[in-house]
Amino acid sequence: MGGNKLKGQQFRLDWAWISLQNRSYVVDEQAGLLEVVLRRRGYLGETSFVGISTLDGSAEKEKDFRGKFQKQVQFNPGQTAATWRIKILSDGKYEQSETFNIVLSEPVMGALESPAVATVEIVDPGDESTVFIPQASFAVEEDVGELLVPVRRTGDVSEELMVLCYTVRGSAKGTVPSTVLSYSDYISRPEEQTSMLRFDKGEREKFCRVVIIDDSLYEEEESFNVTLSMLLGGRLGSEYPSTRISVLPDLDDGQIRSMSRRQETEMEQADHLTSIQQSAQCAGYSPRDGLGLVLRAWICVYVRVFHLKAEHGLVRNPACFRQSGGVVVRNV
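Attention here is on the structure that accompanies the text. (Residues numbered from 1 in each chain as written. Predicted model: local features only at pLDDT ≥ 70, side-chain atom pairs only at ≥ 80, totals over all residues. Heavy atoms only, no water.)

### Quick word on the sheet that holds strand S12 (residues 146-154)
- If you trace the four strands from one edge of the open sheet to the other, you get S17-S12-S10-S19, paired in mixed fashion. Each of the sheet's edge strands pairs with one partner strand only, and the pair in question is strand S17 (205-211) and strand S19 (235-236).
- With two bridges connecting them, strand S10 (residues 130-132) and S19 associate as parallel partners. Within S19, the residue paired with Val-131 across the bridge is Leu-236. (Pairing = 2+ DSSP bridges. Helix = DSSP H or I, 4+ residues; strand = E, 2+ residues; numbered from the N terminus.)

And the structure:
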């Protein structure tokens, strides 16, 4: 003022520096609450204040997060961290990730440092429409006719959804309806547009139809898979995008096979009996004769064996034998 100067003096300013702990946050819409930590460093001997607010982005106040919150954060002497909370709103409808900003401003007894702005991303995996098969495996009888595999979806069902449901061959063999092949076990669902399932708005369950072929051929247990893919309008659940279908052995076919075997045995026995009767008749004997049918048959068997040996030169003196009345007798 009067021209006086004070030279060679050092002035020291002690500041409290205030910032956000993180530059970005990711929060699930279902979490309900987001906690934001503020940091203070430097001079901590005084009480400090800092203003805090939000700035809308794709996420909007009162729609995606609550607009009423604490507008100022206070640091007491010696305090280095403070927590600020904001409520996240869930609407039950699936949305892509949305963002808004948190901004620090107007510090009192302190100064701002970076980061003074943070981005909050709200994600919504819980509301995303999720499609799945509720069981890892199914077991059916061969004569079930058709199998309806349930396909369900959870989350947001306010929009339409499409998913491909097709069969994958295992030990059981599939075929197409236009060319049903022998020994096929089911009608295949190809991995193409014709196997698409469509969920309408609000629909939570559809059925993937597979025709099981019932034949009279007995087979052991066989299996194939029903699989989901090419989802439009949602995502596949981890449990289960595919299921194993086991076709159980048909006991009726087993009984038919056993009956068939018994019938074959009975027919063979009948043929054998007929052969014995014919052999006895060819030997000149009648069922009315005193000899038993079995004895007559053995005589004919002996005759046939003799002829075979004679044809192959195995009879030492064939002249000693002659045929009389259809029976070979030895000359005396």
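### Notes on the nonpolar core
- If you look at the biggest cluster of nonpolar residues, it comprises 25 residues, and the most contacted ones within it are Leu-34, Val-36, Leu-38, Val-73, Trp-84 and Phe-100.
- Mapped by element, the contributors of at least two residues to this core are strand S1 (16-20), strand S2 (24-28), strand S3 (33-42), strand S4 (48-56), strand S5 (72-75), strand S6 (81-87), strand S7 (98-108) and strand S9 (117-123).
- When sequence neighbours within four positions are dropped, the list of residues in contact with Val-36 reads Leu-20, Tyr-25, Ala-82, Thr-83, Trp-84 and Ile-102. (Core = buried A, V, L, I, M, F, W, Y, C linked by side-chain atoms within 4.5 Å. Buried < 20%, exposed > 50% of the residue type's maximum accessible area, 1.4 Å probe, protein only. Contact = heavy atoms within 4.5 Å.)

### Brief notes about the sheet that holds S9
- Sheet architecture is open: five strands sit in the order S2-S9-S7-S4-S5, paired in mixed fashion. The sheet is open, and its two borders are formed by S2 and S5, each paired with just one other strand. On average, each strand axis in the sheet is inclined to that of its neighbour by 25°, with strand direction left out of account.
- Looking at chain direction, S4 and S5 are connected through four bridges and run antiparallel. Bridge assignment links Phe-49 to a residue of S5, and that residue is Gln-74. (Axes fitted to C-alpha atoms, helices over the stretch in contact; angles between N-to-C directions.)

### A word on a nonpolar patch on the surface
- On the surface, a nonpolar cluster with roughly 350 Å² of combined accessible area is contributed by Leu-13, Trp-15 and Trp-17.
- In this structure, Trp-15 sits in the segment before S1. (Patch = residues over 30% accessible without salt bridge, like charges linked within 9 Å, V, L, I, M, F, W, Y side chains within 5 Å. Areas by Shrake-Rupley, 256 points an atom, 1.4 Å probe, with all protein chains shown as cover. Salt bridge = Lys/Arg side-chain N within 4 Å of Asp/Glu carboxyl O.)

### Things to note about the environment of Ile-86
- Positionally, Ile-86 belongs in strand S6.
- Overall, Ile-86 belongs to the buried group, its relative accessible area being 1%.
- Separated by 17 residues in sequence, Ile-86 and Phe-69 have C-alpha atoms that sit 6.3 Å apart.
- Once residues lying within four places of it in the same chain are set aside, the contact partners of Ile-86 are Gly-32, Leu-33, Leu-34, Thr-54, Phe-65, Arg-66, Phe-69 and Phe-100.

### Topic: the state of the cysteines
- Tallied over the full model, the rule gives one disulfide.
- Linked covalently through their sulfurs, Cys-165 and Cys-208 form a disulfide whose S-S length is 2.0 Å. Judged by the sign of its S-S torsion, about -105°, the cystine formed by Cys-165 and Cys-208 is left-handed. With Cys-165 in strand S13 (residues 161-168) and Cys-208 in strand S17, this pair connects stretches of sequence that are 43 residues apart. For the residue pair Cys-165 and Cys-208, the accessibility class agrees, reading buried in each case. (Disulfide = S-S within 2.5 Å.)

### Quick notes on the pairing of S3
- Bridge count between S1 and S3: five bridges; the pairing is antiparallel. Across the sheet, the residue bridging to Leu-20 is Leu-38, located in S3.
- The pairing of S3 with S6 spans seven bridges and is classified as antiparallel. Within the sheet, the bridge partner assigned to Leu-34 lies in S6 and is Ile-86.

As far as function goes, none of this settles anything; it's purely spatial.
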